[in-house]
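Chain and residue survey
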Amino acid sequence: MTPAPINPYPLLQACQRQRVSDGAIAPVLAGTESSDRLLVLIWPQLGDFDSLEYAQWLQREQDQIQQLGLTIRAVGIGDRDSGQRFCEFTGFPADQLFVDPTASLHQELELYPGLQLSIPGFSPAAKAWLNLLLMCAGIGSPGTLAEVLRGYRGDRSAPQLIAAEETVQAAPLPPIKGNFFNLAGGSGFQRPMELATLRLRNMAESLGHWRTYVPDTSYMTQRGGTFLFDRDRQLIYEHRDHGILGFSATMNRPLSFLDNLPTPSTASVP
């Protein structure tokens, strides 16, 4: 029998980090005490594919999040400048985001640090880049290549990501309207190249502001995790990332773990 996961709530409750909205060092869970449900997201570097894409899914599913009465807090690797740029690009609320420059919370939670090959003569920065590139190739990062391919070939089990009249600018490509992807087979599902185009846009954003997003390359391979708590702060769901583009167990619908939660009006009262 698989042992139940250890509840990380006490550790998170004691954690203080810099809040992006005002720069204050504050408890990460401040203001969440009366919330029915609490979703805590521990993100990799804020310029990482996973962090950007996760935040965009949260924006896409705002209606469901509000209906479920979820309170969200996130901690990402970077500094306040990283966080401000991240919130500006993704729309994630700056008062819900905290930054951890040295990934110390990730280490306390024992999240996957990523590939850690050590090559004699390599500087720390060169070692970090080598390990990151190897992870992008699927080494020490299970599922990454399959997920990259899914972004190119499309997925009928995933929702459509770009509305028909929406225009996406993903350099170096010209602006693309959502109905362009209909040529690949229709609408109402994730069309071929659709997700890959959004990921290209994220990559252009990250690389275009790399020094802002990644002030310290030492933690580029560090992965994150997702933790969902009920009103008694018992852990009811967790996902620990095992590789790049593995921030959910169901990447076709990354927030599907919320589907079985009752709305507050139908939830049982203790």
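A brief report on the enclosed structure follows. (Residues numbered from 1 in each chain as written. Predicted model: local features only at pLDDT ≥ 70, side-chain atom pairs only at ≥ 80, totals over all residues. Heavy atoms only, no water.)

Another point: the side chain of Thr226. Assignment of secondary structure puts Thr226 in strand 8 (residues 225–229). On the basis of relative accessibility, which here comes to 1%, the residue Thr226 falls in the buried class. Separated by 2.8 Å, the side chains of Thr226 and Tyr54 make a polar contact. Those residues in contact with Thr226 that lie beyond four places of it in its chain are Leu39, Val40, Leu41, Tyr54, Tyr237, Glu238, His239, Phe247 and Phe257. (Helix = DSSP H or I, 4+ residues; strand = E, 2+ residues; numbered from the N terminus. Buried < 20%, exposed > 50% of the residue type's maximum accessible area, 1.4 Å probe, protein only. Polar contact = N/O pair within 3.5 Å; in protein donor to acceptor, adjacent residues only side chain to side chain. Contact = heavy atoms within 4.5 Å.)

Turning next to helix 8 (residues 194–208). Given a rise of 1.5 Å per residue, 15 residues ought to cover 21 Å, and the 21 Å separating the end C-alpha atoms of helix 8 matches this to within 8%. The set of residues buried in helix 8 consists of Glu194, Leu195, Ala196, Thr197, Leu198, Arg199, Asn202, Glu205 and Ser206. Considering only its buried residues, helix 8 is in contact with helix 2 (49–60), helix 4 (80–90), helix 7 (144–153), strand 6 (167–168), strand 7 (176–177) and helix 9 (210–213). (Expected span 1.5 Å × (residues − 1).)

Moving on, we get to the environment of Ala163. By secondary structure assignment, the location of Ala163 is in the loop between helix 7 and strand 6. We classify Ala163 as partly exposed; its relative accessible area is 44%. Taking C-alpha positions, Ala163 is 31 Å from Val20, a pair spaced 143 residues apart along the chain. For Ala163, the residues in contact, after removing those within four places along its chain, are Gly178 and Asn179.

For the rest of this paragraph, the subject is the pairing of strand 9 (residues 235–240). Pairing of strand 8 with strand 9 involves five bridges; the strand directions are antiparallel. Within the sheet, the bridge partner assigned to Leu228 lies in strand 9 and is Tyr237. Here strand 8 folds back onto strand 9, and the loop between the two strands holds five residues, one of which, Arg233, carries a positive phi near 65°. (Pairing = 2+ DSSP bridges.)

Our focus in this paragraph is the packing of aromatic side chains. Centre distance and the angle of the planes are the two values used to describe a pair of aromatic rings. Tallied over the entire structure, the rule returns eight aromatic pairs. Residues Trp43 and Tyr54 carry aromatic rings whose centres are separated by 6.0 Å and whose planes lie at 55° to one another, so their mutual orientation is tilted. Pair noted here: Trp43 is in strand 3 (residues 37–45) and Tyr54 is in helix 2, with a separation of 11 residues, a long-range link. Assessed through its relative accessible area of 2%, Trp43 is described here as buried. Geometrically, the ring pair formed by Trp43 and Phe86 is tilted, given 5.4 Å between the ring centres and 50° between the ring planes. Here the residue Trp43 occupies a position in strand 3, and Phe86 occupies one in helix 4, the gap between them amounting to 43 residues. Among the aromatic residues, those joined into a ring-pair cluster are Trp43, Tyr54, Phe86, Phe92 and Phe247. The cationic tip of Arg60 hangs over the ring face of Trp57; the distance from NZ or CZ to the ring centre is 4.6 Å. One cation-aromatic arrangement involves Arg156 over Phe189; the distance from NZ or CZ to the ring centre is 4.1 Å. (Phe/Tyr/Trp six-rings, centres within 6.5 Å; stacked < 30°, edge-to-face > 60°. Lys NZ or Arg CZ within 6 Å of the ring centre and 35° of its normal.)

To continue, consider the pairing of strand 4 (residues 70–77). Within strand 4, eight of the eight residues are buried, which leaves the element mostly enclosed by the surrounding structure. Going residue by residue along strand 4, you find Leu70, Ile72, Ala74 and Gly76 tucked away on one face and Thr71, Arg73, Val75 and Ile77 tucked away on the opposite face as well. Summarising the sheet, strand 3 and strand 4 pair through seven bridges and their orientation is parallel. Looking across to strand 4, one finds that Leu41 is bridged to Ala74. Where strand 4 lies against strand 5 (residues 97–99), three bridges are found, and the strand directions are parallel. Bridging across to strand 5, Gly76 finds its partner in Val99. Handedness of the crossover joining strand 4 and strand 5 through helix 4 is recorded here as right-handed. (Right-handed = clockwise from strand over helix to strand, strands pointing away.)

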